[in-house]
Number of protein chains: 2
Amino acid sequence: MELYSGYINKLIEELSGLPGIGEKSASRLAFHLIHMPKAKVERLARTIVEAKEHVQYCRECYTLTDQEICLICANEKRDHTTIMVLENTRDLAAYEKTGKYEGVYHVLHGAISPMIGIGPSDLKLKELLQRLQGDIKEVIIATNSSLEGETTAMYISKLIKPTGVKVTRIASGVPVGGDLEYIDEVTLLRALEGRIEL
Amino acid sequence: MELYSGYINKLIEELSGLPGIGEKSASRLAFHLIHMPKAKVERLARTIVEAKEHVQYCRECYTLTDQEICLICANEKRDHTTIMVLENTRDLAAYEKTGKYEGVYHVLHGAISPMIGIGPSDLKLKELLQRLQGDIKEVIIATNSSLEGETTAMYISKLIKPTGVKVTRIASGVPVGGDLEYIDEVTLLRALEGRIEL
């Protein structure tokens, strides 16, 4: 016998397909939704569908936006000769939160990962090369400091070098406030290699 | 400047209002939804609204179901003279998974908690008393082993005793497979108090 009625089971099944939501959280969520006022539930459902419908890639930098050109690319005060390359829109938001980066971005939507079948052609790399035909002084590669992120960084740097555009990579090292005792060896070695003179 | 475009921000805001979903998970979820195929997103949204629309209380035991009478109450093979009282439908599912309980249930939809303003009248207690007018032999109180659950259990037992129906409470103690070292003192004392002769 099924534990819950059909509509509840179906909802739990749909929710547990989302990232970071296991079966237990899915059932907690499902019952929360069922107990919510009908108007709020409908608003949530509508918001999900609307976001899916209206959000698209920026024609310039491929971040997710509901405009044809995102607000950053459309901003003439930004330095359009410096492009920071990122894996996704959330990473872009993280840098944007610092409020200190003046350049523009390029979102790859992934990183090279043969393990899960993501190759260079699955990323917005052709689009990046096309942008380099304009007046670009520097490409800062800010993919994650993971195996996939590093592989992608190496690949992009090889791809761009022949064009003569300066390519840089954000620094790896001990995070600010990090306690050496709890930091993995690879990071510690990276921090040592990347040491700067004071 | 806002970090994301309007539709994305709105979606993140809606999602982070759900239980157990913080701002970071909400943004991860939001981008996952935006990257999902449109048909799947629409199906998810529809499932949420449909569950809300079709799921109602069972007229007998007040569990959530999409029938007028839930499958358990409608099952003539179950022992309808024994009622297990639970806080919510998920707890019912937990007992139902054991496959060993033959009686029926009664779902309170909460526990007495003056701290958050939930009193006896907010629970399905009147409905429980009404059921006791039928042929009931035993009421097993299986509210949680929390302060609220215990308070509710005490309250219900006082309420039912005058009717002459037998009232029992599920045992508290060390969970099966539990390592004494990691178990809190209150549980250890409960386990001692509730010891049984071998």
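Residues numbered from 1 in each chain as written. Chains lettered and ligands numbered in written order. Predicted model: local features only at pLDDT ≥ 70, side-chain atom pairs only at ≥ 80, totals over all residues. Heavy atoms only, no water.

All names here are of chain B. The sheet built from four strands is open, its strands ordered S4-S3-S5-S6 with parallel pairing. Two strands in the sheet have a free side with no partner beyond their single neighbour: strand S4 (103-107) and strand S6 (166-169). For this sheet, the mean angle separating the axes of adjacent strands, direction not counted, is 25 degrees. Two elements, strand S3 (residues 79-86) and S4, share five bridges in a ladder whose sense is parallel. Bridge assignment links Leu86 to a residue of S4, and that residue is Val107. (Pairing = 2+ DSSP bridges. Helix = DSSP H or I, 4+ residues; strand = E, 2+ residues; numbered from the N terminus. Axes fitted to C-alpha atoms, helices over the stretch in contact; angles between N-to-C directions.)

So, about helix H1 (residues 6-15) of chain B. All of the buried residues along H1(B) are Ile8(B), Leu11(B), Ile12(B), Glu14(B) and Leu15(B). Each buried residue of H1(B) lies within a common arc of 160 degrees when the element is viewed along its axis, so the set occupies one face. Packing partners of the buried residues in H1(B) comprise helix H3 (38-54) and strand S2 (64-65) of chain A together with helix H2 (23-35) of chain B. (Buried < 20%, exposed > 50% of the residue type's maximum accessible area, 1.4 Å probe, protein only. Arc of directions from axis to C-beta. Contact = heavy atoms within 4.5 Å.)

Here we come to the interface of chain B and chain A. Counting residues at the interface gives 53 residues for chain B and 54 residues for chain A. Between chain B and chain A, a total of about 5,300 Å² is buried, with carbon and sulfur atoms accounting for 73% of that surface. Inspection of the chain B/chain A interface yields four salt bridges. Of the charged contacts in the structure, one is a salt bridge between Glu14(A) and Arg43(B), with a shortest N-O distance of 2.6 Å. (Buried area = accessible area lost by both parts, 1.4 Å probe. Salt bridge = Lys/Arg side-chain N within 4 Å of Asp/Glu carboxyl O.)

Residues and elements named next belong to chain B. Under the criterion given, the structure shown has six aromatic pairs over all chains. Taking 5.1 Å as the distance between ring centres and 55 degrees as the angle between the ring planes, the aromatic pair formed by Tyr101 and Tyr105 counts as tilted. Tyr105 matches Tyr101 in its accessibility class, with the two residues each being buried. (Phe/Tyr/Trp six-rings, centres within 6.5 Å; stacked < 30°, edge-to-face > 60°.)

With that out of the way, let us pick up the sheet that holds strand S4 (residues 103-107) of chain A. All names here are of chain A. Strand order across the open sheet formed by four strands is S4-S3-S5-S6, with parallel pairing between neighbours. Where the open sheet ends on each side, the last strands, each with one partner, are S4 and strand S6 (166-169). For this sheet the average axis-to-axis angle between neighbouring strands, irrespective of direction, equals 25 degrees. Where strand S5 (residues 138-141) lies against S6, four bridges are found, and the strand directions are parallel. Across the sheet, residue Ile140 finds its bridge partner in S6, namely Thr168. Along the sheet, helix H7 (residues 147-160) makes contact with strand S3 (79-86), S5 and S6, crossing S6 at roughly 170 degrees.

So, on to the environment of Met84(B). Residue and element names in this part refer to chain B. Mapped onto the secondary structure, Met84 falls in strand S3. Under the relative-accessibility criterion, Met84 is labelled buried at 3%. Sequence separation between Met84 and Ala153 is 69 residues; the distance between their C-alpha atoms is 12 Å. Setting aside chain neighbours within four positions, we find Met84 in contact with Tyr95, Tyr101, Val104, Tyr105, His106, Ile140 and Ala142.

For the pair chain B and chain A, the superposition axis carries a translation of 0.0 Å, the fit reaches an RMSD of 0.1 Å, and the rotation angle comes to 179 degrees. Between the two chains, the operation in question is that of a two-fold axis. Residue Ala45(B) of chain B places its C-alpha closer to the rotation axis than any other residue of that unit, at 2.2 Å. Both copies present the same face, since 100% of the interface residues in chain B are matched by interface residues at the equivalent positions in chain A. (Least-squares fit on C-alpha atoms with pLDDT ≥ 70 in both.)

All right, on to the packing of H3(A) against helix H3 (residues 38-54) of chain B then. At a minimum axis separation of 9 Å, H3(A) and H3(B) run at an interaxial angle of 175 degrees. Accordingly, the angle class assigned to the pair H3(A) and H3(B) is roughly antiparallel. Between H3(A) and H3(B), the contacting residues are Lys38(A), Val41(A), Glu42(A), Ala45(A), Ile48(A), Val49(A), Lys52(A) and Glu53(A) on the first element and Lys38(B), Val41(B), Glu42(B), Ala45(B), Ile48(B), Val49(B), Lys52(B) and Glu53(B) on the second. (Parallel < 35°, antiparallel > 145°, perpendicular 65-115°, else oblique.)

Where helix H2 (residues 23-35) of chain A contacts H3(B), the two axes come as close as 8 Å, and the packing angle between them is 60 degrees. By the criterion of interaxial angle, the relationship of H2(A) to H3(B) is oblique. Pair H2(A) / H3(B) crosses with right-handed handedness. Between H2(A) and H3(B), the residues in contact are Leu33(A), Ile34(A) and His35(A) and Ile48(B), Ala51(B) and Lys52(B), respectively. A per-class count over the contact of H2(A) with H3(B) returns four nonpolar, one polar and one charged. (Left-handed = near helix turned anticlockwise from the far one by under 90°. Nonpolar A, V, L, I, M, F, W, Y, C, P; charged D, E, K, R; others polar.)

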